[in-house]
Amino acid sequence: MEREKNDSPASRKRSFTFGAYGSVDRFTCGEEKRDESAEGNILDILDSPDRERQPFLSAHSNQRDTELFEIIEKLQGSRIDEQRCEFPLPLKSQFLTMGGDLPLILPSKLGGYWIDPPLEKPVDVSPTSSHHGFDPENYDIMERDKEAKIFHEFFRSRYHHSFTAVDPILGPLVLSVCLEDEENKLRVILRMKECSLHGIFSVSLFPNIPSAVDLAKMLCDRVTVSNFDVVCYLKAPELITAFDEHRVSPNFKFGILWQKDGQFTEEDILSNNEESEGFKEFLSILGDTIQLQGFTGFRGGLDVCHGQTGNEAVFTSFQGRQIMFHVVTKLPFTECDPQQLQRKRHIGNDIVALVYQEGQTPFLSDVVKSHFLHCFLVVRRIQTVEEKGEPAYQVSVTAREDVPPFGPFLPDPPIFAKRSLLRNFLLTKLINAEISCYKAQQFSRLELRTRSSLLESLQAELSTRSQCMMGHPSLSGLSSSEGARGTAEGSGGFIENFKRAIRVRSHSFETLGVPRKIGGSAAQKPKTEKDGDSDKSQGILPALSDTLGSTELRDQASPQEVT
């Protein structure tokens, strides 16, 4: 009975890249039944003459030895074919022998992705395509948060007031009010857990300037508090600006994969080493190849001191933004690792990746397993324009189904012959793709949770510091004592926590609000990176372990939250 139970379908582990250290997230799925003949061969090898001369060994001991060697075999065996999504063999042969032009992207058999241009629908019903052809003037970059810079632009240079409250339903609230005398207007911002609301009211509408409670209820009728506390902390504008602009960054990082003809699996694509002339030319369109050693710009998580992430990378500046590309062929190659985790730890933690194709082999939407990758831009070199001697490129896009469509629109047909047009289109499309991916359910849920923690910390900091300024008896010594402790131990309240988090900000689990290490002293100084704040990326939100409770930390540390 016990033996039959051991031979029944068991759970097998499947690995995914997760986090910045190449670790794996494991979950179980059904396992195919073992071949009895193969098991018999293993047992025959294990049997020896000495073993035959020991008939007194019990059946339980033989079974235990068998199970031990089965475990060893599983650990030493290759699980690559079981943990990767690839084309069935008949389909592979069919594609390799099929003539004509094949699509750049094929959907996953499990669904969950949209493709543009679609395979079977006309172009005019494509989610992002357009019949208007090339129109570089419409290559506009999306804004991640349109309300982020309002406080810095309109409030800090004018006389204004801020207020805090804790609503029994909405939670912490931070209200800012500014009187624009030159236009006779009141400008108001109400910060809540879900979002920030901004409104402008004409002073002539009111016989008297409304109270903070009335202004808050004008913006959100769900506000139930009866009074707000005045913020009188001198550094309050700095704290509020840091909160408002925590999602604003001019830096982006994207992965670049090279898919050669006949490559269907993740292992094949990640194992490419030598770059073809066509691939080098394509990289030159996107940016410049730079030496990582001593690089002072945005590094995108790459090592610029010790060469542990390779010696070169592709970098560019575009419309005031710095972009670092994680090129698969320039990341370290591990000879004995078919999964190439040293490469996937970077590309698998990007949100958007670009796939360069040479040949007719389609790219499968979910062939690269990652919790973070939500969108792929696929570019195929298709022909040469004889009169100019320049290559032409066809473009297609695929993203998870909960990622909203984004511009710029693909032309009809989606083919680019000019390098400058292709560069402007791809860079704009990549940036907009990442911004749009943040609206997917997985990222928006984590973003909301971390925003709530940041706002709670901000409200508590402003309230406590204001009471100190007003000489509250129980908090009279807080300002000086905490200031000294913050300087010595690195824990100086909201703004110090925020600055430390920004220095280690990346698209790993820390970016999603999960701390790298929950235990230990909260007052320890983090390791300072060489480029410091220059590595501030476009990640969702920083990890502020000092501002989160133990329950919140446990929730955010669970890998199942991001499945």
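Because the structure is predicted, anything quoted here is derived from the model rather than measured.

Looking now at the packing of aromatic side chains. A complete count under the given rule lists 15 aromatic pairs for this structure. Look at Phe 201 and Phe 206: their rings are 6.5 Å apart centre to centre, the planes differ by 65 degrees, and that puts the pair in the edge-to-face class. Aromatic side chains Phe 363 and Phe 376 sit 5.0 Å apart centroid to centroid with 55 degrees between the ring planes, which places their arrangement in the tilted category. Placement of the pair is Phe 363 in strand E15 (residues 363-364) and Phe 376 in strand E16 (residues 375-385), with a sequence separation of 13 residues. Like Phe 376, Phe 363 is buried. Through a chain of ring-to-ring contacts, the aromatic side chains of Trp 258, Phe 279, Phe 282, Tyr 356 and Tyr 393 assemble into a single cluster. Against the face of Tyr 438 rests Arg 144, its NZ or CZ located 3.8 Å from the ring centre. Lying over the aromatic face of Phe 154, Arg 187 brings its terminal NZ or CZ to 3.8 Å of the ring centre.

Let us look at unusual backbone geometry. Omega for the peptide link from Gly 407 to Pro 408 comes to -5 degrees, which places this bond in the cis form. Take Pro 408: it is sitting in the loop between strand E17 (390-400) and strand E18 (415-416). Asp 412 connects to Pro 413 through a cis peptide bond whose omega is 0 degrees. Here Pro 413 is to be found in the loop between E17 and E18.

Counting residues in hydrophobic clusters, the biggest one holds 74 residues, and the most contacted among them are Leu 257, Phe 282, Met 324, Phe 325, Val 352, Cys 375 and Leu 426. Ranked by residues supplied to this core, first place goes to helix H13 (residues 419-437) with ten residues. Residues contacting Phe 282, with those up to four places away along its chain left out, are Leu 354, Tyr 356, Val 379, Tyr 393, Leu 422 and Leu 426. Ranked by size, the runner-up nonpolar core spans 22 residues in total, among them Leu 175, Leu 190, Cys 220 and Phe 228.

Here we take up the packing of helix H9 (residues 236-244) against helix H14 (residues 441-469). Pairs of packed helices are described in terms of their axes, by the angle between the two and the distance that separates them. Running from amino to carboxyl end, H9 crosses H14 at an angle of 175 degrees, the nearest separation of the two axes being 11 Å. Looking at the two axes, H9 sits roughly antiparallel to H14. On the side of H9, the interface is formed by Ala 236, Leu 239, Ile 240 and Phe 243, while H14 contributes Arg 451, Leu 454, Leu 455, Leu 458, Glu 461 and Leu 462. Class assignment of the residues belonging to the contact of H9 with H14 gives a composition of eight nonpolar, no polar and two charged.

Put simply, helix H11 (residues 277-286) and H13 touch, their axes get as near as 9 Å, and they point 70 degrees apart. Here H13 runs roughly perpendicular to H11, going by the angle between their axes. For H11 against H13, the interelement crossing comes out right-handed. Contact residues: Glu 281, Phe 282, Ser 284, Ile 285 and Leu 286 in H11; Arg 419, Leu 422, Arg 423, Leu 426 and Leu 427 in H13. In terms of residue class, the contact of H11 with H13 is built from six nonpolar, one polar and three charged.

Counting buried residues along H9, seven of its nine residues qualify, which places the element largely inside the surrounding structure. Turning to H9, its buried residues number three or more, namely Ala 236, Leu 239, Ile 240, Thr 241, Ala 242, Phe 243 and Asp 244.

With that out of the way, let us pick up the pattern of salt bridges. Considering all chains together, one arrives at 15 salt bridges under this definition. Put simply, Glu 281 and Arg 381 hold a salt bridge, and the shortest N to O gap is 3.5 Å. Here Arg 381 lies in strand E16 and Glu 281 lies in helix H11, a separation of 100 residues in the sequence. Three or more residues are tied together by salt bridges with common partners; here these are Arg 144, Asp 145, Arg 247 and Glu 447.

A few words now on the side chain of Ser 365. Here Ser 365 shows up in the loop between E15 and E16. A polar contact of 3.2 Å, which involves the side chain of Ser 365, links it to the side chain of Thr 398. Setting aside residues no more than four positions away along its own chain, Ser 365 makes contact with Ile 105, Leu 106, Pro 107, Ser 108, Tyr 113, Ile 115, Phe 376 and Thr 398.

We now examine a nonpolar patch on the surface. A cluster of nonpolar residues, Leu 234, Met 469 and Met 470, forms a patch on the protein surface that exposes about 380 Å² of accessible area. Relative to the assigned elements, Met 470 resides in the loop between H14 and helix H15 (478-489).

Moving on, we get to the environment of Arg 343. With respect to the helices and strands, the residue Arg 343 is situated in helix H12 (residues 341-347). Considering only alpha carbons, one finds Arg 343 and Leu 331, twelve residues apart in sequence, at a separation of 5.6 Å. Aside from chain neighbours lying at most four places away, what touches Arg 343 is Leu 270, Ser 271, Asn 272, Asn 273, Val 328, Thr 329, Leu 331, Pro 332 and Phe 333. Within the structure, Arg 343 has its side chain in polar contact with the backbone oxygen of Val 328 (distance 3.0 Å).

Conventions and cut-offs
- Residues numbered from 1 in each chain as written.
- Predicted model: local features only at pLDDT ≥ 70, side-chain atom pairs only at ≥ 80, totals over all residues.
- Heavy atoms only, no water.
- Phe/Tyr/Trp six-rings, centres within 6.5 Å; stacked < 30°, edge-to-face > 60°.
- Helix = DSSP H or I, 4+ residues; strand = E, 2+ residues; numbered from the N terminus.
- Buried < 20%, exposed > 50% of the residue type's maximum accessible area, 1.4 Å probe, protein only.
- Lys NZ or Arg CZ within 6 Å of the ring centre and 35° of its normal.
- Core = buried A, V, L, I, M, F, W, Y, C linked by side-chain atoms within 4.5 Å.
- Contact = heavy atoms within 4.5 Å.
- Axes fitted to C-alpha atoms, helices over the stretch in contact; angles between N-to-C directions.
- Parallel < 35°, antiparallel > 145°, perpendicular 65-115°, else oblique.
- Nonpolar A, V, L, I, M, F, W, Y, C, P; charged D, E, K, R; others polar.
- Left-handed = near helix turned anticlockwise from the far one by under 90°.
- Salt bridge = Lys/Arg side-chain N within 4 Å of Asp/Glu carboxyl O.
- Polar contact = N/O pair within 3.5 Å; in protein donor to acceptor, adjacent residues only side chain to side chain.
- Patch = residues over 30% accessible without salt bridge, like charges linked within 9 Å, V, L, I, M, F, W, Y side chains within 5 Å.
- Areas by Shrake-Rupley, 256 points an atom, 1.4 Å probe, with all protein chains shown as cover.

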